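# Reading the structure
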Amino acid sequence: MSDSIRLEDSWKNYLKGEFEKEYMKKLKSFLKEEMRQNKKIYPKGSEYFLALNLTPFNKVKVVILGQDPYHGYAQAHGLCFSVRKETKIPPSLLNIYKELSEDLGIPMAQHGFLKSWAEQGVLLLNNTLTVEAGKATSHKGKGWEKFTDKIIEVLNEEKENLVFILWGRFAGEKGSLVDGSKHFVLKAAHPSPFSADHGFFGCRHFSKTNQYLKSKGIQEIDWRLRS
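Definitions and limits used
- Residues numbered from 1 in each chain as written.
- Predicted model: local features only at pLDDT ≥ 70, side-chain atom pairs only at ≥ 80, totals over all residues.
- Heavy atoms only, no water.
- Axes fitted to C-alpha atoms, helices over the stretch in contact; angles between N-to-C directions.
- Helix = DSSP H or I, 4+ residues; strand = E, 2+ residues; numbered from the N terminus.
- Parallel < 35°, antiparallel > 145°, perpendicular 65-115°, else oblique.
- Left-handed = near helix turned anticlockwise from the far one by under 90°.
- Contact = heavy atoms within 4.5 Å.
- Nonpolar A, V, L, I, M, F, W, Y, C, P; charged D, E, K, R; others polar.
- Pairing = 2+ DSSP bridges.
- Right-handed = clockwise from strand over helix to strand, strands pointing away.
- Core = buried A, V, L, I, M, F, W, Y, C linked by side-chain atoms within 4.5 Å.
- Buried < 20%, exposed > 50% of the residue type's maximum accessible area, 1.4 Å probe, protein only.
- Salt bridge = Lys/Arg side-chain N within 4 Å of Asp/Glu carboxyl O.

A few words now on the packing of helix α2 (residues 22-36) against helix α6 (residues 144-158). It is at 9 Å that the axes of α2 and α6 come closest, and there the two elements cross at 130 degrees. The angle between the axes of α2 and α6 places the two elements in the oblique class. Crossing hand, α2 versus α6: left-handed. On α6, the residues that touch Y23, M24, L27 and L31 of α2 are W144, K146 and F147. Its residues assigned to classes, the contact of α2 with α6 comprises six nonpolar, no polar and one charged.

Laid out in structure tokens, this is it:
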């Protein structure tokens, strides 16, 4: 983790103390050693905090929590479930689009770039922010979970009427950090092809999110992804 990596100012106000803690120093050392050994890490350093940089603290309306970044070539870029426009849409994201289409009648997007969601206040946060190429969950337990726990805790404490969309077991466990009396928590199976048929399809989380935001006088999310 480079000292020059940028973190958006409003998030820095809440998270700067984390960088002085022992777990983060160990995480930084771990990442430096991985790079010294010429291991390929995804996403690149400048994108570790892209979810936070695109969705400042005061703009967060919705949190979608992923597990860890895609570990395939040219996939991960700092937003959970998202890939750049030129990259083939991964299976889990295809299933998200299928549910979105069934729920709101939105045509299936032709790309997997979710930046427009992030810019509207959807924090697309992975539980772990880095991964070694080709090795899923390879950076699990190295410290990122504590950092992302802190993000959820700050959002829970400092804001009201957020929507937390938690798909799958790992995301669901993070829900223990959220006060359901202050926020709206939606849980379902993960959109992976291995589990989507067991509670993800038909969850209608997109319409439920917008219904809740509207009920609180908050601008709804435009889930359409244009070319």
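Let us keep going from here.
Let's shift gears to the sheet that holds strand β6 (residues 184-188). In space, the four strands of this open sheet follow the order β3-β2-β5-β6, with parallel pairing throughout. With partners counted over all chains shown, the strands left at the sheet margins are β3 (122-126) and β6, one partner each. Pairwise comparison of adjacent strand axes, ignoring direction, gives a mean angle of 15 degrees for this sheet. Where strand β2 (residues 62-66) lies against strand β5 (residues 163-167), four bridges are found, and the strand directions are parallel. Of the residues in β5, the one forming a bridge with V62 is V163. Packing of α6 onto the sheet brings it into contact with β2, β3 and β5, and relative to β3 it is tilted by some 150 degrees.

We now examine the pairing of β6. Pairing geometry for β5 and β6, over five bridges, is parallel. Across the sheet, residue L166 finds its bridge partner in β6, namely K187. Assessed by its sense of winding, the connection that carries the chain from β5 through helix α7 (residues 169-174) to β6 is right-handed.

This next bit is on the nonpolar core. Counting residues in each nonpolar core, the largest one holds 70 residues, and the members touching the most others are W11, I64, W117, L123, F147, L155 and W167. With six residues, the single largest contributor to this core is α6. Beyond its immediate stretch of four places on either side in the chain, I64 contacts C80, F81, W117, V122, L123, L124, L125, I165, W167 and W223.

As enumerated under the stated definition, the model contains twelve salt bridges in all. The closest approach of N and O atoms between R36 and E33, which form a salt bridge, is 2.8 Å. In this pair, R36 and E33 are both assigned in helix α2, three residues apart and thus about one turn of the helix distant. For E33, a relative accessible area of 31% corresponds to the partly exposed category. E173 is the salt-bridge partner of R169, the closest N and O atoms lying 3.3 Å from each other. Of the two residues, R169 and E173 are both situated in helix α7; the distance of four residues between them amounts to about one turn of the helix. Salt bridges sharing common partners tie together D222, R224 and R226.

Structural measurements only, silent on function.
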